[in-house]
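# Observations on the model geometry
Spelled out, the chains give:
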Amino acid sequence: MHAQAQTTAPLPATRIAVVNSERILRESGPAKAAQAKLEQEFSKRDHDLQDMAAKLKTMSDQLDKSGPAMSTADRSLKQSQLAQLDADFQRKQREFREDLNQRRNEELAAVLDRANKVIKAIAEQEHYDLILQEAVYVSPRIDITDQVIKVLGASASAPAGASGSQ
């Protein structure tokens, strides 16, 4: 009888919360700052590529327009120059995309790392037993994404390391 009384004692309520990582990467201050940093870092190369694309189009249009009137040697030379410029453009565009994707992944990983530290701090402060980052359905009652975004925004303006020790 004594053993049965122990098993019927109420268990403490399990506290569960959910965080939407995609919203954090879209809406948080550090994510927006990372996006702005990437735009600034890659804007010159993007502009150069746009200029190169315009030059390529201009050359192609000129060749289409005046190509039939050109000598075979001149037309062949222009086609060769156009093909070389196009190949160069394609290479630079591919390198640009690869570099941008790599830097974006680095920046987003840093934001997620900070977010995970904030989530862990919230879990410890508010005694959560489980915090999930992906779910099929989430009740707004247990969604703490806004709270995480708010703390991340506050920690972005605070000195590094200040948010984890509150």
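Computed from a predicted model, the values in this text were never measured in an experiment.

### Description of the overall build of the chain
On a plain count of helices and strands, the chain comes out with 5 helices and 2 strands. From first element to last, N terminus to C terminus, the chain shows the α and β order α-β-α-α-α-β-α. Within the chain, contacts between residues at least 6 apart in sequence are counted, and of these 81% link residues at least 24 apart. Accessible area for the chain stands at about 11700 Å²; split by element, carbon and sulfur atoms hold 54% of it.

### Let's talk about the side chain of Glu107
Tracing the backbone through its elements, the reader meets Glu107 in helix H4 (residues 72-125). What makes Glu107 buried here is its relative accessible area of 12%. For Glu107, the contacting residues outside a window of four places in its chain are Ala34, Lys37 and Leu38.

### Examining the packing of aromatic side chains
Counted according to the given criterion, the structure contains 1 aromatic pair. On the basis of an interplanar angle of 80° and a centroid distance of 5.7 Å, the ring pair of Phe42 and Phe96 is categorised as edge-to-face. On the criterion of sequence distance, the pair formed by Phe42 in helix H3 (residues 29-66) and Phe96 in helix H4 is long-range, its members being 54 residues apart. Here the basic side chain of Arg15 rests over the ring of Tyr128, its NZ or CZ set 4.3 Å away from the ring centre.

### What about the pattern of salt bridges?
Enumeration according to the criterion identifies 15 salt bridges in this entry. Taken together, the salt bridges that share partners define one network made up of Lys37, Glu41, Arg103, Glu106 and Glu107.

### Describing the side chain of Thr145
As for its placement among the helices and strands, Thr145 is situated in helix H5 (residues 145-157). If sequence neighbours within four positions are ignored, Thr145 has contacts with Val18, Val19, Asn20, Arg23 and Ile24.

### Re the nonpolar core
One finds Val19, Ile24, Tyr128, Ile131, Ile144 and Val148 to be the most contacted residues of the largest nonpolar core, which totals 14 residues. Secondary structure elements with two or more residues in this core: H4 and H5. The dominant element in this core, judged by the number of residues it contributes, is H4, at 5 residues. Ile131 has contacts with Ala17, Val19, Ile119, Ala123 and Ile144, leaving out every residue within four places of it along the chain. With 11 residues, the next largest nonpolar core counts Met52, Leu63, Leu82 and Phe89 among its residues.

### Digging into a nonpolar patch on the surface
Together, Ile16, Leu130 and Leu132 line one region of the surface with nonpolar side chains, adding up to about 220 Å² of accessible area. Inspection of the secondary structure puts Leu132 in strand S2 (residues 130-132).

### Thoughts on the environment of Ile142
Along the chain, the position of Ile142 falls in the loop between S2 and H5. Look at Ile142 and you get partly exposed, because its relative accessible area is 22%. Along the chain, Ile142 and Val19 lie 123 residues apart, while their C-alpha atoms are 8.7 Å from each other. Once you skip the residues sitting within four places of it in the chain, Ile142 turns out to touch Ile16, Ala17 and Val18.

### Remarks on the packing of H3 against H4
Two numbers describe a pair of packed helices, the interaxial angle and the distance between the axes. At a closest axis distance of 10 Å, the pairing of H3 and H4 adopts a crossing angle of 170°. On the basis of the axis angle, H3 is roughly antiparallel to H4. For the contact of H3 with H4, the residue count by class is 17 nonpolar, 4 polar and 16 charged.

Calculation notes
Residues numbered from 1 in each chain as written. Predicted model: local features only at pLDDT ≥ 70, side-chain atom pairs only at ≥ 80, totals over all residues. Heavy atoms only, no water. Helix = DSSP H or I, 4+ residues; strand = E, 2+ residues; numbered from the N terminus. Contact = heavy atoms within 4.5 Å. Areas by Shrake-Rupley, 256 points an atom, 1.4 Å probe, with all protein chains shown as cover. Buried < 20%, exposed > 50% of the residue type's maximum accessible area, 1.4 Å probe, protein only. Phe/Tyr/Trp six-rings, centres within 6.5 Å; stacked < 30°, edge-to-face > 60°. Lys NZ or Arg CZ within 6 Å of the ring centre and 35° of its normal. Salt bridge = Lys/Arg side-chain N within 4 Å of Asp/Glu carboxyl O. Core = buried A, V, L, I, M, F, W, Y, C linked by side-chain atoms within 4.5 Å. Patch = residues over 30% accessible without salt bridge, like charges linked within 9 Å, V, L, I, M, F, W, Y side chains within 5 Å. Axes fitted to C-alpha atoms, helices over the stretch in contact; angles between N-to-C directions. Parallel < 35°, antiparallel > 145°, perpendicular 65-115°, else oblique. Nonpolar A, V, L, I, M, F, W, Y, C, P; charged D, E, K, R; others polar.

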